[in-house]
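# Working through the structure, step by step
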Amino acid sequence: MLSAFRKYLLIPRLIRLSSSAPKDPLTAWDTYWGNVRSTGAAGDVLWDSGSDHELEGYLPKFSVLDQSLPIVDVGCGNGSFTRSLARHFPHALGLDYAENAVERARLESDGSTTASYGVCDMTVPDASRTVATALGRAGYSGDANVFIRGVLHVLDRKGRAALAANLLPVVGQRGMVFLAETNFPGTPVDYVTHLGATKDSIPAPLEWAIRGLPMPGRFGAAQRRKAFPAADWELVEEGEASIETRPLSNPSKPDVIPGYFAILRAR
Ligand SMILES: C[S@@+](CC[C@H](N)C(=O)[O-])C[C@H]1O[C@@H](n2cnc3c(N)ncnc32)[C@H](O)[C@@H]1O
């Protein structure tokens, strides 16, 4: 383990790498997805473990959701969770604001009849209308469930609140939101050290993320209370989650980031 001092020798490298990331978040995400060559357990994408193990841990919690409703995977990336969700709900709609992510999700889901994808910025005022239109194209109208993984912790406070408000008309009376986010309790240096970075080497998928994307924050109960105000949302359940990454330290098993999950319904 690095001593308390040695890990700070990483800082100049982190600053150098992250200074090359595009400043506009949408440009950063779209460029990132456009440069991805492969996904899954040996791929480029830090948060894609290539396994259903994390989702399988969430399945018992889905028993409070109405599983006859479709589910919308908000910020779906390459659709790895969307495809798995499509096996547990009648339809899974993956939405992402990065066109390159949606293109990759469609390619990777070739042949699936219960997953579909669309481009949508979930923080803009008419997002819920875009969701309704995309669900309509898949043959669904009315309330839907929502799944969010690893999206709220990359948004600022305003973006998180706007996204949550846009979900109220999507879930309606019958749908619920299930969210799972990283909630790492430390500095960015602690975070990258946890994922195997040293002053001499950084695992490639982590380096790609640092080089191309805005620095992530954390999302836990405190952030959830602000984004999903009690006047609008009832908390059904919350707790700790384990967010699995692409294998980094051991090629045969994912690394894990401490996380947070919550289930909410509209009041
Ligand atoms: C860390 S990735 C997680 C991808 C996917 N949920 C998963 O767990 O594999 C975050 C995703 O959120 C998307 N995203 C960020 N802000 C968004 C927004 N305002 N609307 C829609 N998607 C957004 C990014 O393009 C990116 O694909």
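Before reading on, note that the structure itself is shown above.
Everything in this summary refers to the structure shown in the same document. (Residues numbered from 1 in each chain as written. Predicted model: local features only at pLDDT ≥ 70, side-chain atom pairs only at ≥ 80, totals over all residues. Heavy atoms only, no water.)

This part is about the overall build of the protein chain. Helices and strands together make up the secondary structure of the protein chain, namely 10 helices and 7 strands. Here the C-alpha radius of gyration of the protein chain, 18 Å, is about what a compact globule of 267 residues would show, namely 18 Å. Based on the C-alpha atoms only, the size of the protein chain along its principal axes is roughly 55 × 40 × 35 Å. A total of 267 residues make up the protein chain; the buried ones form 48% of that total. Contacts in the protein chain between residues far apart in sequence, at least 24 positions, make up 72% of those at least 6 positions apart. On the protein chain, roughly 12,300 Å² of surface is accessible, and the fraction owed to carbon and sulfur atoms is 53%. With 28 positive and 29 negative side-chain charges, the protein chain shows a spacing of 5 Å between the two charge centroids. (Helix = DSSP H or I, 4+ residues; strand = E, 2+ residues; numbered from the N terminus. Rg over C-alpha atoms; globule rule 2.2 N^0.38 Å. Buried < 20%, exposed > 50% of the residue type's maximum accessible area, 1.4 Å probe, protein only. Contact = heavy atoms within 4.5 Å. Areas by Shrake-Rupley, 256 points an atom, 1.4 Å probe, with all protein chains shown as cover. Lys, Arg positive; Asp, Glu negative; His and termini not counted. Charge placed at Lys NZ, Arg CZ, Asp CG, Glu CD.)

Attention now moves to the state of the cysteines. Scanning the model with the defined rule gives 0 disulfides in all. In this model Cys76 remains outside any disulfide bridge; the closest cysteine sulfur is found in Cys120, 10 Å from its own. Residue class for Cys76 comes out buried when judged on its relative accessible area of 7%. Cys120 gets classed as buried once you look at its relative accessible area, which sits at 5%. (Disulfide = S-S within 2.5 Å.)

On the surface, Tyr8, Ile11 and Ile15 cluster together into a nonpolar patch covering about 270 Å² of accessible area. Tracing the sequence through the fold places Ile11 in helix α1 (residues 11-18). For Ile11, a relative accessible area of 32% puts it in the partly exposed group. (Patch = residues over 30% accessible without salt bridge, like charges linked within 9 Å, V, L, I, M, F, W, Y side chains within 5 Å. Salt bridge = Lys/Arg side-chain N within 4 Å of Asp/Glu carboxyl O.)

The next thing to look at is the pattern of salt bridges. If you walk through the whole model with that rule in mind, you get 13 salt bridges. For Arg13, the salt bridge identified is with Glu207, shortest N-O distance 3.5 Å. With Arg13 in helix α1 and Glu207 in helix α9 (residues 204-212), this residue pair connects regions lying 194 residues apart in the sequence. The buried category is assigned to Glu207, whose relative accessible area is 15%. Three or more residues are tied together by salt bridges with common partners; here these are Arg13, Glu207 and Arg211.

Here the focus is the site of the ligand. In the neighbourhood of the ligand, 18 residues make up the surrounding shell, with Trp33, Gly75, Asp96, Asp121 and Arg149 lying closest. The separation between an oxygen atom of the ligand and a polar side-chain atom of Asp96 is 2.6 Å. The contact in question runs from a nitrogen atom of the ligand to an N or O atom on the backbone of Met122, over 3.0 Å. Surface burial for the ligand is 98%, taken as the share of its 600 Å² of free accessible area covered by protein chains. (Near = heavy atom within 4 Å. Polar contact = N/O pair within 3.5 Å; in protein donor to acceptor, adjacent residues only side chain to side chain.)

We now examine the side chain of Arg224. Relative to the helices and strands, Arg224 is located in helix α10 (residues 221-227). Residue contacts for Arg224: discarding those within four places in its chain leaves Phe219, Leu235, Glu238, Tyr260, Ala262 and Leu264.

Before going further, it helps to examine the environment of Glu108. Of note, Glu108 is situated in helix α5 (residues 99-108). The contact partners of Glu108, leaving out residues within four places of it in the chain, are Thr39, Asn78 and Arg83.

Next up on the list: the sheet that holds strand β6 (residues 233-244). Read from one edge of the open sheet, 7 strands run β3-β2-β1-β4-β5-β7-β6, paired in mixed fashion. If you trace the sheet from one side to the other, it starts and ends with β3 (115-119) and β6, each paired once. The mean inter-strand angle of the sheet, taken between neighbouring strand axes irrespective of direction, is 20 degrees. For strand β2 (residues 92-96) and β3, the ladder comprises 5 bridges, and the chain directions are parallel. In the strand pairing of β3, Gly94 is matched with Tyr117. Strands β2 and β3 of the sheet are contacted by α5, whose axis makes an angle of about 165 degrees with β3. Contacts between helix α6 (residues 127-137) and the sheet are confined to β1 (71-74), β2 and β3, with β2 contributing the most and set at about 140 degrees to the helix. (Pairing = 2+ DSSP bridges. Axes fitted to C-alpha atoms, helices over the stretch in contact; angles between N-to-C directions.)

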